[in-house]
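# Examination of the molecular architecture
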Amino acid sequence: MADNDGKIDEQVHEDSRFSLLTDALDQATQKVISKILSQKSFSDCLPFLRKKTEILAQLHTTFAQKVQFHLKQEFDELFSTYSLKGKLDFIDKLDIEQAELSQGETVWRPTGDPSKDMLAYDIPALQSHKEELLSYLMELKEENEGEKKKILKVVEGITETEKLIEEILIQNEQTLEVLSIVPSL
């Protein structure tokens, strides 16, 4: 169990939601700084330094780094205030655990129809009722088989009786023929 938790922790930190969020914020900060605080716009704010490009470049770089540093500090403070790292890591961990559990099984989701959803909620009761009905069905099938055997016996009896009657009729016809041949007395 401990090995499994270690693997999950490693997976959480490799591509965690928190690291993706911080990377995205860093990239967004760099883009904003490069667009808004471009060296040209910086030189427009400080026209007296346009000819001193080295000083302007150094001021621009320092200013951009400080803005980026302070934005990162503000983000970090927000993350710690709202415990964002822990919450995002917990979501990552749950996501990985759930991925291991779900192996293509169909998962129940609400349909939006309350009557159908209530039926789904009552699945244990429905399953129990289904089992009762199936056992009753099996009893009826067994009873049906017994009745079928009785009917087959009756049909056999009727067939045998028909054969006996036919034999008796044939004997009676033969007797009548013999009697018809014999002169009457």
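Structural data are supplied above this passage.
Notes on the structure follow. (Residues numbered from 1 in each chain as written. Predicted model: local features only at pLDDT ≥ 70, side-chain atom pairs only at ≥ 80, totals over all residues. Heavy atoms only, no water.)

## With respect to the overall build of the chain
Keep this limit in mind: Counting from the N terminus, the helices are DSSP H or I runs at least four residues long and the strands are E runs at least two residues long. Residue burial is assigned from relative accessible area. The probe radius is 1.4 Å, only protein chains are included, and a residue is buried under 20% of its type maximum, exposed over 50%, and partly exposed in between. Residue contacts are counted whenever heavy atoms from the two residues lie within 4.5 Å of one another. Note on areas: Shrake-Rupley with a 1.4 Å probe; residue coverage comes only from the protein chains shown.
Regarding its fold elements, the chain presents seven helices and zero strands. Order of helices (α) and strands (β) in the chain, N terminus to C terminus: α-α-α-α-α-α-α. Considering the chain as a whole, with its 185 residues, one finds that 11% of them fall into the buried category. For the chain, long-range pairs separated by at least 24 residues make up 65% of all intrachain contacts whose partners lie at least 6 apart in sequence. With the model as given, the accessible surface of the chain reaches about 15,800 Å², and the carbon-plus-sulfur share is 61%.

## Some remarks on the side chain of Thr 29
The following threshold applies: Polar contacts here mean pairs of N or O atoms no more than 3.5 Å apart (in protein, one a potential hydrogen donor and the other a potential acceptor; neighbouring residues in sequence count only if both atoms are side-chain atoms).
Inspection of the secondary structure puts Thr 29 in helix 2 (residues 17–36). Residue Thr 29 is classed as buried on the basis of its relative accessible area of 8%. Polar side-chain contacts of Thr 29 include one of 2.7 Å to the backbone oxygen of Leu 25. Apart from the residues lying within four places of it in its own chain, the contact partners of Thr 29 are Gln 68, Leu 71 and Phe 75.

## Some points on the packing of helix 6 (residues 114–121) against helix 7 (residues 123–181)
The condition is simple: Think of each axis as a best-fit line through the C-alpha atoms, taken over the contacting stretch in the case of a helix, with angles from 0 to 180 degrees between the N-to-C directions. Small angles under 35 degrees read as roughly parallel and large ones over 145 as roughly antiparallel, with 65 to 115 read as roughly perpendicular and the rest as oblique. Ten residues, namely Ala, Val, Leu, Ile, Met, Phe, Trp, Tyr, Cys and Pro, are considered nonpolar, four, namely Asp, Glu, Lys and Arg, are considered charged, and the remaining ones, Gly among them, are considered polar.
Between helix 6 and helix 7, the shortest axis-to-axis distance is 5 Å and the interhelical angle comes to 65°. Of the possible angle classes, the one that applies to helix 6 and helix 7 is roughly perpendicular. In this structure, helix 6 uses Leu 119, Ala 120 and Tyr 121 to contact helix 7, whose residues at the interface are Ile 123, Pro 124 and Leu 126. When grouped by side-chain class, the residues that make up the contact of helix 6 with helix 7 number six nonpolar, no polar and no charged.

## Considering unusual backbone geometry
A positive phi is found at Ser 83, a non-glycine position, where the angle reads about 50°. Assignment of secondary structure puts Ser 83 in the loop between helix 4 (53–81) and helix 5 (84–101).

## Observations regarding the packing of aromatic side chains
Formally: Side-chain rings of Phe, Tyr and Trp, where Trp is taken by its six-membered ring, are said to pair if the distance between their centres is within 6.5 Å; with planes under 30 degrees apart they count as stacked, over 60 as edge-to-face, and otherwise as tilted.
Tallied over the full model, the rule gives one aromatic pair. Arranged with centres 5.2 Å apart and planes meeting at 70°, the rings of Phe 18 and Phe 79 form a pair that is edge-to-face. Taken together, the positions of Phe 18 in helix 2 and Phe 79 in helix 4 put the pair 61 residues apart, joining distant regions of the chain. Each member of the pair, Phe 18 as well as Phe 79, is classed as buried.

## Some points on the pattern of salt bridges
Short version of the rule: A pair is scored as a salt bridge if a Lys or Arg side-chain nitrogen falls within 4 Å of a carboxyl oxygen belonging to Asp or Glu.
Within the structure shown, the criterion is met by six salt bridges. Residues Arg 17 and Asp 95 are paired through a salt bridge, measuring 3.8 Å at the closest nitrogen-oxygen approach. Taken together, the positions of Arg 17 in helix 2 and Asp 95 in helix 5 put the pair 78 residues apart, joining distant regions of the chain. Taking relative accessible area as the criterion, Asp 95 reaches 43% and is therefore assigned partly exposed.

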